[in-house]
There are 2 protein chains.
Amino acid sequence: MPTRILIVGAGAIGAFYGSRLATLDDVKVSALCRSNYKAVQKHGFRVESPKYGASTFKPEFVYGSPDEARKAKIQWDYLLVATKALPDVNDDSALLEDLVGPNTSIVLIQNGLGVEQPYAQRFPNTAILSAVTVASAAQPQPGVIQHNRWTRISIGPYLPHLDSGGSGPRPDTDQTFTERTTRLVSLLQEAKVADAETYDHAGLQFVRWHKVALNAAMNPSSVLSGGSTNQTMALDPELSRHLAGVMQEVLDTAPKILGRPLPSHLATPERILASTRKNTSGSRPSMWLDWERGSRMEIEVILGNPIRMAREQGLEMPRLQAMYALLKQAQIIRDERQKQDRQHENARSKSSPKL
Amino acid sequence: MPTRILIVGAGAIGAFYGSRLATLDDVKVSALCRSNYKAVQKHGFRVESPKYGASTFKPEFVYGSPDEARKAKIQWDYLLVATKALPDVNDDSALLEDLVGPNTSIVLIQNGLGVEQPYAQRFPNTAILSAVTVASAAQPQPGVIQHNRWTRISIGPYLPHLDSGGSGPRPDTDQTFTERTTRLVSLLQEAKVADAETYDHAGLQFVRWHKVALNAAMNPSSVLSGGSTNQTMALDPELSRHLAGVMQEVLDTAPKILGRPLPSHLATPERILASTRKNTSGSRPSMWLDWERGSRMEIEVILGNPIRMAREQGLEMPRLQAMYALLKQAQIIRDERQKQDRQHENARSKSSPKL
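Rules of the game
- Residues numbered from 1 in each chain as written.
- Chains lettered and ligands numbered in written order.
- Predicted model: local features only at pLDDT ≥ 70, side-chain atom pairs only at ≥ 80, totals over all residues.
- Heavy atoms only, no water.
- Axes fitted to C-alpha atoms, helices over the stretch in contact; angles between N-to-C directions.
- Helix = DSSP H or I, 4+ residues; strand = E, 2+ residues; numbered from the N terminus.
- Parallel < 35°, antiparallel > 145°, perpendicular 65-115°, else oblique.
- Left-handed = near helix turned anticlockwise from the far one by under 90°.
- Contact = heavy atoms within 4.5 Å.
- UniProt positions renumbered as here; feature names shortened; annotations may be inferred.
- Least-squares fit on C-alpha atoms with pLDDT ≥ 70 in both.
- Domains from an automatic or database assignment.
- Salt bridge = Lys/Arg side-chain N within 4 Å of Asp/Glu carboxyl O.
- Polar contact = N/O pair within 3.5 Å; in protein donor to acceptor, adjacent residues only side chain to side chain.
- Nonpolar A, V, L, I, M, F, W, Y, C, P; charged D, E, K, R; others polar.

**Concerning the packing of helix α6 (residues 201-224) of chain A against helix α8 (residues 237-258) of chain A**
Residue and element names in this part refer to chain A. Closest axis-to-axis distance for the α6/α8 pair is 9 Å, and the angle between their directions is 155°. Here α6 is positioned roughly antiparallel relative to α8, judged by the angle of their axes. Helix-helix and strand crossings are classified by hand; for α6 and α8 the assignment is right-handed. Contacts between α6 and α8 pair Ala-202, Gln-205, Phe-206, Trp-209, His-210, Val-212, Ala-213, Leu-214, Ala-216, Ala-217, Met-218 and Ser-221 from the former with His-242, Leu-243, Val-246, Met-247, Val-250, Leu-251, Thr-253, Ala-254, Pro-255, Ile-257 and Leu-258 from the latter.

Dropping the structure here:
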């Protein structure tokens, strides 16, 4: 029996890792698509990568909706969820209803903290694997994936009962969930993702907190400062001090939540800022791109959830909280204006004479 | 000899207090105008007030430039400076060169902290009086002043050598400067500004810090959140927590700079927020109005100077610093875009055919 994997939310990142796994003989990769469904159904994914070259990845099955996938009644080994994490907009865990069998693992390749919670709540007996990637990829047109840089993906089982204040080990399942993590990482490594890495629960959560430190610093600061590049922010003395302050708040909080000291392999704020100062690409954080195109930003998983987790321990991160409050309100005001603009547009088009 | 007062920067606030003082027999009030020069020279100021009614205030002399005022060679008793405080844009203390005589006092009716420093540096032997007002007034058209609400003005001599870490009292001048404060406040009270108040140096600086606490909380938060009203911010749980946090940072810092406990008569952040929640006027802070019309904001005197004063004592105010760094950069990006827009506009108008 081959290992069957379904990519849920087959955007650039999902399709990129899917295309790697699909190169293995005993793995069958399918895709649950949204806006790119027609293109992918017809042509598969065209994947271009400076590391792996150009190739076409034809999923075993391409589905246009969760219902279509449910009707196929396939026993999935891994559901790779790579949707944008917007728990304040919709609960994507509902997409997986009736796709989860006894041997299914849910793999969450998403930004931020607390993304696992809605899945753990809906599927309390299912293995949830938490994944963090630094890979950079884009989908310039439906079904065309441009992999840009990096391939690293860090994966660990999600076992929050091991957190400080948790209920302690669950010997019956903890081992199984860890084995499924190891197995997926082995498959990725076989598929030439050499820097796929296995972590234990707290180890992976530290990787998440560390990426949140970076995202919570750069992303909202770019939006709130009107679209600054990463380099501009790191070079400006006051913004640089602010960014270091945000990262430090997050890195000071993580060990108190996870009950273990911060691993020494994680880059310090100073090192991150030093390398950002050398980044001449003119790149801006993804949250700025969302803001500019009028999309919802991942505010809750990058800012809101870390703040709430800290508060549960009586801790506050003032810089993070300031940006959370300001950005959430800025999004509300922007969305209201967009709505009004659309209403005016509609009113105008109805009242104007047909030519 | 009458008391001669020159209003420097005769906008709404300067003209309002000038119009009150001009009602006194032994006081002669003149005005150094900018954009409203022609209107004021011709008609004086038309001042409308719910408290004092409508009246016309004809200055003794109206000047269109500092040079014109210098040529008049008048011995001023008080120079009332009511310009917008933008030390990062221009040093307004230079306007007063050769207008300051041995008996002249400079009265600074401006927002923020550290506004006195450029004047103290340029005129080291001159009495500088520091003034804070809560009066609300506008100039809907040149020379027409609409006084809206409140009249309170708090005035104290600026004696920074009395601060903690200062050089101690200067018996030869401290008393004189205090007497000049008392005299100006008496004149204002005679002119029916019943809530003109005299403070000592630290007392007045506490009033400044307290107003900065409010301004530093509401002003940048409105701009960074895309134009929120004061009430919206105070009603939103996260923004309200943030605003209280900013105010508390400032109120915790002030006593460490001034070497005295915070006076108990100043309203707490909780009381300020409670009253802001009841403010249904839909008003937004003045910084938002500056932002919206593309003007420079008083970022340095409201955020930058307090932050630098705190840093001199080894203190940091993280929420304030975050907003300072973000807003300063947002202003740079906005100004660059305005410049580019103007260049495009010029290029277009030059290249387009004359019709």
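Now that the structure is up, let's keep going.
**Remarks on the UniProt feature "domain: Ketopantoate reductase N-terminal" (unreviewed entry) in chain A**
Those residues carrying the UniProt feature "domain: Ketopantoate reductase N-terminal" (unreviewed entry) are residues 5-158 of chain A in this numbering. Regarding residues 5-158 of chain A, the helix share stands at 19% and the strand share at 36%, and the terminal C-alpha atoms are separated by 19 Å.

**Observations regarding the relation of the copies chain B and chain A**
Each copy superposes on the other: chain B lies on chain A with an RMSD of 0.1 Å after a rotation of 179° and an axial shift of 0.0 Å. What the superposition gives is, in effect, a two-fold axis relating one chain to the other. Comparing interface residues between copies, 100% of those in chain B also sit at the interface in chain A, which points to an isologous, same-surface contact.

**Quick look at the UniProt feature "domain: Ketopantoate reductase C-terminal" (unreviewed entry) in chain A**
In this numbering, the UniProt entry assigns the feature "domain: Ketopantoate reductase C-terminal" (unreviewed entry) to residues 207-330 of chain A. The annotated region residues 207-330 of chain A carries 72% helix and 0% strand content, and the separation between its end C-alpha atoms amounts to 29 Å.

**What to know about the domain arrangement of chain A**
Residues and elements named next belong to chain A. When its domains are assigned, chain A resolves into domain 1 (3-199) and domain 2 (204-339). Look at where the C-alpha atoms of domain 1 and domain 2 centre, and you get two points 25 Å apart. At the interface, 26 residues of domain 1 touch 25 residues of domain 2. Linking domain 1 with domain 2 are three salt bridges. A salt bridge links Arg-208 to Glu-116; the shortest N-O distance between them is 3.1 Å. One can count 16 residue pairs in polar contact (both at pLDDT 80 or more) joining domain 1 with domain 2. Elements with a minimum of two residues in the side of domain 1 that touches domain 2: β8 (127-133) and β11 (153-157). Ranked by residues supplied to the side of domain 1 that touches domain 2, first place goes to β8 with four residues. Of the residues belonging to the side of domain 1 that touches domain 2, the class tally is 12 nonpolar, 10 polar and four charged.

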